[in-house]
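Commentary on secondary and tertiary structure
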Amino acid sequence: MIRLERSPLYGSVVALALTAVALLISLLLRPYLEPDIFLLFLVVVWLSTWYYGLTIGLAASGASALALLVFFFPGEAGFWEVGARLGSFLAIAGIIIWMTAEWRESRRVLASTLAGIGDAVLATDEHGRITFLNPVAEALTGWSGLE
């Protein structure tokens, strides 16, 4: 299986592709989604941030806001109405980006802390299945972290 690296270029392409898919689905399902047309675009922002981080989440948010502005806000709508709807989308997207980016960072710090401990560390889930082994635990048990 070929894995794409998590670079800004790949992240930008994925964010734009996900935004295009959300736009297409939203246009097709517009009569059913009309009051809540933002939902698919918020999912795009969350997925982009979760997989690629803060910067790509912001890029997805900007691309989604542009798509919403061009395709879903009527030209005859008032400036304040469009501003309020777009502003509410950007505020919600900003909260999603901030929370997801902080969650990713806390997981990264936890993993590096546990990996750096000189004693063997095993982490399990609520069913007793091993979910993490640091290098010392791998050496003691003979299991790799992937196993």
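Please read all numbers here as calculations on a predicted model, not as lab measurements. (Residues numbered from 1 in each chain as written. Predicted model: local features only at pLDDT ≥ 70, side-chain atom pairs only at ≥ 80, totals over all residues. Heavy atoms only, no water.)

Regarding the environment of Leu33
Position of Leu33 among the secondary structure elements: in helix α2 (residues 30-33). Taking relative accessible area as the criterion, Leu33 reaches 22% and is therefore assigned partly exposed. Separated by 105 residues in the primary sequence, Leu33 and Glu138 place their C-alpha atoms 50 Å from one another. (Helix = DSSP H or I, 4+ residues; strand = E, 2+ residues; numbered from the N terminus. Buried < 20%, exposed > 50% of the residue type's maximum accessible area, 1.4 Å probe, protein only.)

Description of the pattern of salt bridges
For the structure shown, the criterion picks out two salt bridges. Put simply, Glu105 and Arg108 hold a salt bridge, and the shortest N to O gap is 2.5 Å. Of this pair, Glu105 and Arg108 both sit in helix α5 (residues 79-116), three residues apart, which is roughly one turn of the helix. Look at Arg108 and you get partly exposed, because its relative accessible area is 48%. A salt bridge links Arg129 to Asp125; its shortest N-O distance comes to 3.0 Å. For Arg129, a relative accessible area of 52% corresponds to the exposed category. Judged by relative accessible area, which is 21%, Asp125 ranks as partly exposed. (Salt bridge = Lys/Arg side-chain N within 4 Å of Asp/Glu carboxyl O.)

Concerning the packing of aromatic side chains
Taken as a whole, this structure holds five aromatic pairs when the rule is applied. Aromatic pair Phe79 and Trp80: ring centres 5.3 Å apart, planes at 75°, arrangement edge-to-face. Exposure class is identical for Phe79 and Trp80. Each is exposed. (Phe/Tyr/Trp six-rings, centres within 6.5 Å; stacked < 30°, edge-to-face > 60°.)

Quick notes on the environment of Glu138
Tracing the backbone shows Glu138 in helix α6 (residues 135-141). Take Glu138: its relative accessible area is 28%, and that puts it in the partly exposed class. Each C-alpha atom, one on Glu138 and one on Val121, is 9.0 Å from the other, the two residues being 17 residues apart in sequence. When near neighbours in sequence (up to four residues on either side) are disregarded, Glu138 contacts Leu133, Trp143, Ser144 and Gly145. (Contact = heavy atoms within 4.5 Å.)

Focus on the packing of helix α4 (residues 54-71) against α5
Contact pair α4 / α5: the axes reach a minimum separation of 10 Å and the direction vectors enclose 160°. For the element pair α4 / α5, the angle class is roughly antiparallel. As α4 packs across α5, the resulting crossing turns out to be right-handed. Contacts from Leu54, Gly57, Leu58, Ser61, Ser64, Ala65, Leu68 and Leu69 of α4 reach α5 at Val82, Leu86, Phe89, Leu90, Ala93, Ile97 and Ala101. Taken together, the residues of the contact of α4 with α5 sort by class into 12 nonpolar, three polar and no charged. (Axes fitted to C-alpha atoms, helices over the stretch in contact; angles between N-to-C directions. Parallel < 35°, antiparallel > 145°, perpendicular 65-115°, else oblique. Left-handed = near helix turned anticlockwise from the far one by under 90°. Nonpolar A, V, L, I, M, F, W, Y, C, P; charged D, E, K, R; others polar.)

Read these as geometric descriptors, not functional statements.
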